[in-house]
Amino acid sequence: RPLDLIIRNGTVATASDVFRADIGIAGGRIVEIAERIEGDAAVVDATGKYVLPGGIDSHVHVSQPSGEGIVMADDFESGTRSALYGGNTTVMPFCLQEKGKSLREALKAYHALAEGNCYTDISFHLIVNDPTEAVLGQELPALVRDGYASLKVFMTYEDLRLSDAEILKTLDVARETGATVMVHCENEDAIRFLIEKHEAAGDVAPRAHASTRPAAVEREATHRALTLAEIVDVPVVIVHVSNGQSMEEIARARSRGIEVIGETCPQYLVLTADDLSGMDWEGAKFVCSPPPRDKAAQQDCWRGIETGVFDLFSSDHCPFRYDDERGKLNPKGRRSFRHIPNGIPGVETRMPILFSEGVMKGRIDLPRFVALTATNHARTYGLYPQKGTIAIGADADLAIWDPQAKRTIRHADLHDGADYSPYEGLEITGWPTTVILGGRVMICDGELIGRKGDGAYRPAAARTTAFPAKA
Ligand code: URP
Ligand code: ZN
Ligand code: ZN
Ligand code: ZN
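Quick caveat, the model's predicted, so the values are computed rather than measured.

J.: How should the UniProt feature "modified residue: N6-carboxylysine" (unreviewed entry) in the protein chain be read in this particular structure?
T.: Within the UniProt annotation, "modified residue: N6-carboxylysine" (unreviewed entry) is assigned to K152. In this view, K152 contacts F94, H125, I127, M182 and H184; residues no more than four positions away in its chain are not counted.

So, in structure tokens, the structure goes:
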């Protein structure tokens, strides 16, 4: 069949190779990879650029109910648009089960919000928040077969945490069905204890958010989650790891033969707890959980990226507006850090930060960048090899990067629904300039030409064995 589009003269990178090639696209898929492709199809000139698999951000929150009077700053439209500008072609948002309701009810609502509104492809993770017998016994197994093959459980947040007993039962269903479980590891009782102490002492500014969630509460919960996974004998993903102590738990678990995938995020590489000490309430802009820590923890997380403790690099995009009563300056009126909604925006800046700080500064090579930002996400969550690589037959989801582009991160230049970036002022070398989704040029030389609705929902496949080989 004739080609629809040719990407010419680029340097192509996958998780394993870097090579000079043209790419031929037809019917939304990659059909040819060759030194030179002729033909009269439309051409994108990638001379001097890198041609990478479109980014997959497998940890994104949009339109998620976040507590009374609090509204998330992004819906599917603004969230996926921002993701696209940052070089992503697939994002995986969370679908939150509300207490007393079914997972299917939640999915119905999220699909309705997403339908016709996405600029990237999407696939869902479930948040299991009410693991009743019916949910675990019937609903979840059916959903895993239907393409909802990953789920997250929380060990923290009063209204989300599961008990160890509930986590064990959920892990057991994952073992039976091949679902992939992500765990948010922080010890809720220890956090509550520390919050009460800080409030009693009148220490209620945003910085106390970090003090009441020290590395020890994350380390302990990480150890516990890995122990529960060991007891059930099922692989597990430890998400948003912030420090070296938790990394040690992952490494030790691996040495005991536990299958564990580690994820870290930009905030743990370039922010610290000191950022929460801003003037007035400014520190609220950096409130996320686990909190950013110190320079030593940043170095530890870089080492984890370099050595493979981490296989996933995600944004944990969870945006709230700062100058808004329904966001970081929430209706409870600044009385305490405990009311600041947890989460920061970052879906657009995730890959530029890792490219600039990682690839351009020589910490990681291009294949490792591709693995951390695309390939491993597709492999871990059942979207590979249709997504996450450049290969014959794969979806033509591509990001063309200009490695020379110099930018300073300014929220004014970003496209999310928040009103600030925690990375404001960070100088970046390298940015995606053209983004192609299913063979359609969505962003051309920095300009949006795609439309909402061009992105679609994609079901994910369950694991068949343990975790598939990592790139
Ligand atoms: O603070 C954060 N990370 N908010 C998002 C929800 C989560 O725990 O991932
Ligand atoms: Zn979390
Ligand atoms: Zn304190
Ligand atoms: Zn998250």
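J.: Explain the packing of helix α7 (residues 215-232) against helix α8 (residues 244-255) to me, please; I cannot follow it from the model alone.
T.: Pairs of packed helices are described in terms of their axes, by the angle between the two and the distance that separates them. Where α7 contacts α8, the axes come no closer than 8 Å and their chain directions differ by 15 degrees. With respect to each other, α7 and α8 are oriented roughly parallel. The handedness of the crossing between α7 and α8 comes out as right-handed. Touching A215, E218, R219, T222, H223 and L226 of α7 are Q245, S246, E249, I250 and A253, all from α8.

J.: When you look at the nonpolar core in this model, what are you seeing that I'm missing?
T.: Nonpolar side chains tend to gather and get buried jointly when the protein is soluble and globular. One finds V51, L126, V181, V183, A225, V236 and I238 to be the most contacted residues of the largest nonpolar core, which totals 125 residues. Top contributing element to this core by residue count: helix α12 (residues 366-380), with seven residues. Beyond its immediate stretch of four places on either side in the chain, V181 contacts L151, V153, T170, L171, A174, V236 and V237. Core analysis: the next-biggest nonpolar cluster, separate from the first, contains twelve residues, A210, L276, V287 and I340 among them.

J.: Just checking my understanding: could you explain the site of ligand 1 for this structure?
T.: Around ligand 1, the neighbouring residues are H61, H184, H240, C288, S289, D316, C318, N342 and G343. Here the shell around ligand 1 is composed, by residue class, of two nonpolar, six polar and one charged.

J.: Looking at this structure, how should I read α7?
T.: Side chains of residues three or four places apart in an α-helix project in the same direction, reflecting 3.6 residues per turn. The first and last C-alpha atoms of α7 sit 26 Å apart over 18 residues, in line with the 26 Å expected at 1.5 Å per residue. Where α7 is concerned, the buried positions are V217, E218, R219, A221, T222, A225, L226, L228 and A229. After α7 finishes, the residue D233 shows a positive phi value of roughly 65 degrees.

Basis of the calculations
Residues numbered from 1 in each chain as written. Chains lettered and ligands numbered in written order. Predicted model: local features only at pLDDT ≥ 70, side-chain atom pairs only at ≥ 80, totals over all residues. UniProt positions renumbered as here; feature names shortened; annotations may be inferred. Contact = placed C-beta atoms within 7 Å. Axes fitted to C-alpha atoms, helices over the stretch in contact; angles between N-to-C directions. Helix = DSSP H or I, 4+ residues; strand = E, 2+ residues; numbered from the N terminus. Parallel < 35°, antiparallel > 145°, perpendicular 65-115°, else oblique. Left-handed = near helix turned anticlockwise from the far one by under 90°. Core = buried A, V, L, I, M, F, W, Y, C linked by C-beta atoms within 7 Å. Buried ≥ 20, exposed ≤ 12 C-beta atoms within 10 Å, placed from the backbone. Near = placed C-beta within 6 Å. Nonpolar A, V, L, I, M, F, W, Y, C, P; charged D, E, K, R; others polar. Expected span 1.5 Å × (residues − 1).

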